[in-house]
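Each chain, written out:
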Amino acid sequence: MVLVYNFNIMNSRSRIILIALLGIVVVTASWAPVTQRDTAPPVAKINQYLYVAVPGIRDYLEYGGHGILVYDKADNYRLVKRIPTGGLKADGTPSNVKGVAVSLATNSIYVTTLEALQRIDLATEKVVWEKQYDGGCDRLAISPDGKIIYLPTLEKEHWNVVDAETGEVIKQITTNSGAHNTLYGPDGTKVYLAGLRTPTLGVADARTHAMIKQVGPFANSVRPFTINGAQTRCYVNVNELLGFEIGDMTTGNKLYHVEVQGFQKGPVKRHGCPSHGIGLTPDEKEIWLCDAFNQRLHIFDNAVMPPKQVASLEVRDQPGWITFSLDGKHAYPSTGEIIDVKTRKTLTTLKDEKGNPVMSEKVVEIHFDGKKAVATGNQFGIGRVLK
């Protein structure tokens, strides 16, 4: 039933009441709450962690034990968990970890030991497979699309090209150079292969998996190295040198020989190399160099040629590797300090569950959306300026 009021026959008091009621209705309607469907969807939180594979200095369990230690970058690198891994010797004890890398395509982290390559699912944190290869394993590299692994044998004659999904060998590349350190170029077109028995840095075509160039020769056998993002320069450690050399990857020639000033070269605990570890900050403005005997990181200005030594930082043990966070704010030496790149101050040090110091030459940063890895760093301190 619909009631119709004749406004003209209402007395003045009734008219006032009706007008007030109509005003309340209009105001109430105009202030109706916005429903959830009218708001923007919530922004997903990306969590950033540092994954540290141990034993990452030889097979020394006192520097973190066995497994993968995971640290929360946003919480001052607080240890959040330990992921069990394989990688055991024939006698059941943990083997030396030789390298670590991440595939976003398979959502997996890969760890090499002296004997084997293992794939660990980042969502389930379970070992998917672990495979041994003829000649052993050394420091691996994964293609930017996450599908191909270049796996060096343990200082032997060849590299295995491996399918990241299955672990099956696709091809072998024979160099007879003492296969060792391996780095995939950021555009995925080239792979850089350093052997312990050659003074040159090999370059492979990532499409044909064939050698196409040698850079050098350098002053001695090539040890750790890094490259700029444009893949026009390589920065290499060589045996007997407290310092580094720079090569032109376009022409294949050596450009500069740089020695550390103000520090003596002395005996080292590991690697038999005065400078074993070199990295470019992601913006490529600085070179950070390891000095084992003096327990230092030496910093060079890369804006001038040859690079100029500008600072030296003391660390808590003999460093044997250096890499950086994706944003370039933090340096990760193998001695376990977290160093602010801008201020050059130590922010914290990595520790295990019992508060003992953790050290490793095999670390990588991973960013997660839920349980899916969406970005990853590199165990090498590579430059990230692509032009």
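Computed from a predicted structure; not experimentally measured.

Helix and strand counts for the protein chain come out as 1 helix and 29 strands. In the protein chain, buried positions account for 53% of the 387 residues. Taking as baseline every contact in the protein chain between residues at least 6 positions apart, the subset at least 24 positions apart corresponds to 47%. Total accessible area computed for the protein chain in this model is approximately 17,900 Å², and 54% of it derives from carbon and sulfur atoms.

So, on to empty space enclosed by the protein. With the rule as written, the count across this model stands at 4 cavities of 30 Å³ or more. Roughly 90 Å³ of volume is contained in the largest cavity. Lining the largest cavity are 16 residues, and of these Tyr332, Pro333, Ser334, Ser360 and Val363 sit closest to its centre. Where the lining of the largest cavity is concerned, the elements lending two or more residues are β25 (330-333) and β26 (337-340). Looking at the lining of the largest cavity residue by residue, the class counts come to 9 nonpolar, 4 polar and 3 charged.

Attention shifts here to the layout of surface pockets. The space that makes up the largest pocket amounts to roughly 430 Å³. Taken together, 27 residues form the lining of the largest pocket, with Ile142, Pro144, Thr376, Gly377 and Asn378 sitting closest to its centre. When contributions to the lining of the largest pocket are tallied by element, the ones reaching two or more residues are β4 (97-103), β8 (141-142) and β12 (179-184). Tallied by class, residues from the lining of the largest pocket come to 16 nonpolar, 10 polar and 1 charged. Lys98, His180, His271, Glu361 and Lys362 are, among the 19 residues lining the second largest pocket, the residues nearest its centre. Of all elements in the fold, only β4 and β12 reach the threshold of two or more residues within the lining of the second largest pocket. Here the lining of the second largest pocket is composed, by residue class, of 5 nonpolar, 5 polar and 9 charged.

Put simply, side chains in a regular strand alternate between the two faces of the sheet. Sheet topology places strand β1 (residues 46-54) next to strand β28 (residues 363-369); 7 bridges connect them, and they run antiparallel. Its bridge partner lying in β28, tyrosine 51 is registered against valine 364. Sheet topology places β1 next to strand β2 (residues 67-72); 6 bridges connect them, and they run antiparallel. The residue of β2 that forms the bridge with tyrosine 51 is valine 70.

As a further point, take the sheet that holds strand β5 (residues 108-113). Across the sheet, 4 strands lie side by side as β4-β5-β6-β7; this open sheet has antiparallel pairing. The open sheet is flanked by β4 and β7 (127-132), the only strands paired with a single partner. Looking at each pair of strands side by side, their axes are set apart by 15° on average, direction ignored. Relative to β5, β4 runs antiparallel, the two being bridged by 6 bridges. Within β5, the position partnered with alanine 101 by the bridge is tyrosine 110.

Along the polypeptide, leucine 88 turns up in the loop between β3 (78-83) and β4. Counting along the chain gives 26 residues from leucine 88 to leucine 114, while the straight-line C-alpha distance between them is 9.4 Å. Contact partners of leucine 88, with chain neighbours within four places excluded, come to His66, Thr93, Pro94, Ser95, Glu115 and Glu130.

On the basis of which strands lie adjacent, the open sheet formed by 4 strands has the order β20-β21-β22-β23 and antiparallel pairing. Bordering the open sheet on either side are β20 (278-280) and β23 (308-314), each of which pairs with just one other strand. Shown here is a sheet whose adjacent strand axes are inclined to one another by a mean of 20°, direction ignored. Pairing of β20 with strand β21 (residues 286-291), which is carried by 3 bridges, proceeds in the antiparallel orientation. Note that in β21 the partner of glycine 279 across the bridge is tryptophan 288.

Time to look at the packing of aromatic side chains. Here the structure, examined in full by the defined rule, presents 10 aromatic pairs. Measuring from ring centre to ring centre gives 5.6 Å for tryptophan 288 and phenylalanine 324, while their planes differ by 90°; the resulting arrangement is edge-to-face. With tryptophan 288 in strand β21 and phenylalanine 324 in strand β24 (residues 322-324), this pair connects stretches of sequence that are 36 residues apart. Judged by its relative accessible area of 6%, phenylalanine 324 falls in the buried class. An aromatic cluster is built from Tyr49, Tyr51 and Phe368, whose rings are joined through pairwise contacts. Here lysine 131 stacks its cationic end above the ring of tryptophan 129, 5.5 Å away from the centre of that ring. Just above the ring of tryptophan 321 sits the side chain of arginine 139; from NZ or CZ to the centre is 3.6 Å.

Core analysis: the biggest nonpolar cluster contains 18 residues, and Leu201, Phe218, Phe225, Ile227 and Cys234 have the highest contact counts within it. Listing elements by their share of this core, those giving two or more residues are β13 (190-195), β14 (201-205), β16 (222-227) and β17 (233-238). Excluding anything up to four places from it in sequence, phenylalanine 225 contacts Asn181, Leu183, Tyr192, Ala194, Leu201, Tyr235, Val236, Ile278 and Phe380. In this structure, Tyr49, Ile109, Leu122 and Phe368 belong to the second largest nonpolar core, which totals 17 residues.

Turning our attention to the side chain of threonine 376. Counting through the fold element by element, threonine 376 comes out in strand β29 (residues 372-376). Polar side-chain contacts of threonine 376 include one of 3.2 Å to the backbone oxygen of glutamate 365. When sequence neighbours within four positions are dropped, the list of residues in contact with threonine 376 reads Val102, Leu104, Leu326, Val364, Glu365 and Ile366.

What counts and how
- Residues numbered from 1 in each chain as written.
- Predicted model: local features only at pLDDT ≥ 70, side-chain atom pairs only at ≥ 80, totals over all residues.
- Heavy atoms only, no water.
- Helix = DSSP H or I, 4+ residues; strand = E, 2+ residues; numbered from the N terminus.
- Buried < 20%, exposed > 50% of the residue type's maximum accessible area, 1.4 Å probe, protein only.
- Contact = heavy atoms within 4.5 Å.
- Areas by Shrake-Rupley, 256 points an atom, 1.4 Å probe, with all protein chains shown as cover.
- 1 Å grid on protein atoms, 1.4 Å probe; cavity = no way out; pocket = protein on both sides within 12 Å on 5 of 7 lines; lining within 4 Å.
- Points joined across faces, edges and corners; volume = space filled by probe spheres on them.
- Nonpolar A, V, L, I, M, F, W, Y, C, P; charged D, E, K, R; others polar.
- Pairing = 2+ DSSP bridges.
- Axes fitted to C-alpha atoms, helices over the stretch in contact; angles between N-to-C directions.
- Phe/Tyr/Trp six-rings, centres within 6.5 Å; stacked < 30°, edge-to-face > 60°.
- Lys NZ or Arg CZ within 6 Å of the ring centre and 35° of its normal.
- Core = buried A, V, L, I, M, F, W, Y, C linked by side-chain atoms within 4.5 Å.
- Polar contact = N/O pair within 3.5 Å; in protein donor to acceptor, adjacent residues only side chain to side chain.

Just geometry here; none of it tells us what the structure is for.
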